[in-house]
Amino acid sequence: MLAAVSVLPGDPTALEKQEALMKKYLMLAAAAGLLATSITTAEAEPGGCLKYGAAGAVGGHVANHHGVLGAMGGCATGMYVRHRYRKEARAKAALYDKEHPGAKGTYIEKATAYDVEHSTSPGQMNSTTQPGAAAPAPGAPAAPATQPQQ
């Protein structure tokens with residue numbers, strides 16, 4: 001004889017319970033794998049189409065349900081920001097190559113080395129301190145401004 005199959009939603013069989021448990025484990029494993037790969041491949045570059053596009057989609061959705069339009073605008077903005085960052089990094093790498101002929105490494109590594117040597121930060125080509133001027137001690141009062149001679 002055939003076994004009766006339960007069709008009532010409140011009475012799951014053992015097989016349905018096992019399938020639900022296996023789906024849970026599979027989803028947890030997939031989420032853990034995705035998290036592990038995203039953590040190891042993260043870069044320190046700003047912007048990008050996905051990041052800015054997601055923010056633009058949320059902003060567009062809030063602004064009268066124009067999520068697709070916001071995503072397109074955000075994506076274009078993110079690509080431009082990343083282009084500017086890479087262009088500046090290539091310029092810093094070229095300056096680093098002038099100072100250190102024969103230096104090896106990627107342009108990102110050279111730009112980082114340039115930032116460290118010249119006390120600059122990403123997005124700023126020149127340091128904030130004047131060359132040859134000593135930096136004031138922490139907590140010291142600022143030097144008085146001098147009047148120009150006429």
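Residues numbered from 1 in each chain as written. Predicted model: local features only at pLDDT ≥ 70, side-chain atom pairs only at ≥ 80, totals over all residues. Heavy atoms only, no water.

Draft legend 1. Representation of the overall build of the chain in the model. Within the chain, the secondary structure is distributed over 4 helices and 0 strands. Moving toward the C terminus, one meets the helices and strands of the chain in the order α-α-α-α. Here the chain holds 150 residues, and 15% of them are scored as buried. Restricting the contact set of the chain to residue pairs at least 6 apart, pairs at least 24 apart contribute 40%. (Helix = DSSP H or I, 4+ residues; strand = E, 2+ residues; numbered from the N terminus. Buried < 20%, exposed > 50% of the residue type's maximum accessible area, 1.4 Å probe, protein only. Contact = heavy atoms within 4.5 Å.)

Draft legend 2. Here's a closer look at unusual backbone geometry. Of note in the backbone geometry, Asn64 takes a positive phi value of approximately 65 degrees without being a glycine. In this structure, Asn64 sits in the loop between α2 (49-62) and α3 (67-99). Asn64 sits in the exposed class, given a relative accessible area of 58%. Notably, His65 is not glycine yet its phi reads approximately 60 degrees, a positive angle. Position of His65 among the secondary structure elements: in the loop between α2 and α3.

Draft legend 3. A look at the packing of α3 against helix α4 (residues 107-118). Put simply, α3 and α4 touch, their axes get as near as 7 Å, and they point 70 degrees apart. It follows from the interaxial angle that α3 and α4 lie roughly perpendicular. Contacts between α3 and α4 pair Tyr85, Arg86, Ala89, Arg90, Lys92, Ala93, Leu95, Tyr96, Asp97 and Glu99 from the former with Tyr107, Ile108, Lys110, Ala111, Ala113, Tyr114, Asp115, Glu117 and His118 from the latter. Residues belonging to the contact of α3 with α4 are distributed by class as follows: 10 nonpolar, 1 polar and 8 charged. (Axes fitted to C-alpha atoms, helices over the stretch in contact; angles between N-to-C directions. Parallel < 35°, antiparallel > 145°, perpendicular 65-115°, else oblique. Nonpolar A, V, L, I, M, F, W, Y, C, P; charged D, E, K, R; others polar.)

Draft legend 4. Expanded view of α4. Compared with the 16 Å implied by 1.5 Å per residue over 12 residues, the 16 Å span of α4 between its first and last C-alpha is a close match. All of the buried residues along α4 are Lys110, Ala111, Tyr114 and Asp115. Take α4 and look down its axis: the buried residues cluster within an arc of 145 degrees, on one side only. Turning to α4, the residues buried within the fold contact α3. Two residues or fewer past α4, Ser119 is found with a positive phi of approximately 50 degrees. (Expected span 1.5 Å × (residues − 1). Arc of directions from axis to C-beta.)

Draft legend 5. Quick look at the packing of α2 against α3. Orientation of α2 relative to α3, taken along the N-to-C sense of each, is 150 degrees, at an axis distance of 6 Å. Between α2 and α3, the interaxial angle falls into the category roughly antiparallel. Between α2 and α3 the crossing geometry is right-handed. Together, Cys49, Tyr52, Gly53, Gly56, Ala57, Gly60 and His61 of α2 and Gly67, Gly70, Ala71, Gly74, Cys75, Thr77, Gly78, Met79 and Val81 of α3 make up the contact between the two elements. For the contact of α2 with α3, the residue count by class is 7 nonpolar, 9 polar and no charged. (Left-handed = near helix turned anticlockwise from the far one by under 90°.)

Draft legend 6. View of the pattern of salt bridges. Taken as a whole and assessed by the stated rule, the structure comprises 3 salt bridges. The salt bridge partner of Glu88 is Lys92, with a shortest N-O separation of 2.9 Å. A residue pair is termed a helical-turn pair when its members lie 3 or 4 positions apart in one helix, as Glu88 and Lys92 do in helix α3 at 4 residues. The class of Glu88 is buried, set by a relative accessible area of 17%. (Salt bridge = Lys/Arg side-chain N within 4 Å of Asp/Glu carboxyl O.)

Draft legend 7. Region of interest: α3. Taking 1.5 Å of rise per residue, the 33 residues of α3 would be expected to cover 48 Å, and the 48 Å separating its terminal C-alpha atoms lies within 8% of that figure. Inspection of α3 places Gly67, Gly70, Gly74, Cys75, Gly78, Val81, Tyr85, Glu88, Ala89, Lys92, Ala93 and Tyr96 among the buried residues, and these make up the whole buried set. Buried residues along α3 sit in contact with α2 and α4.

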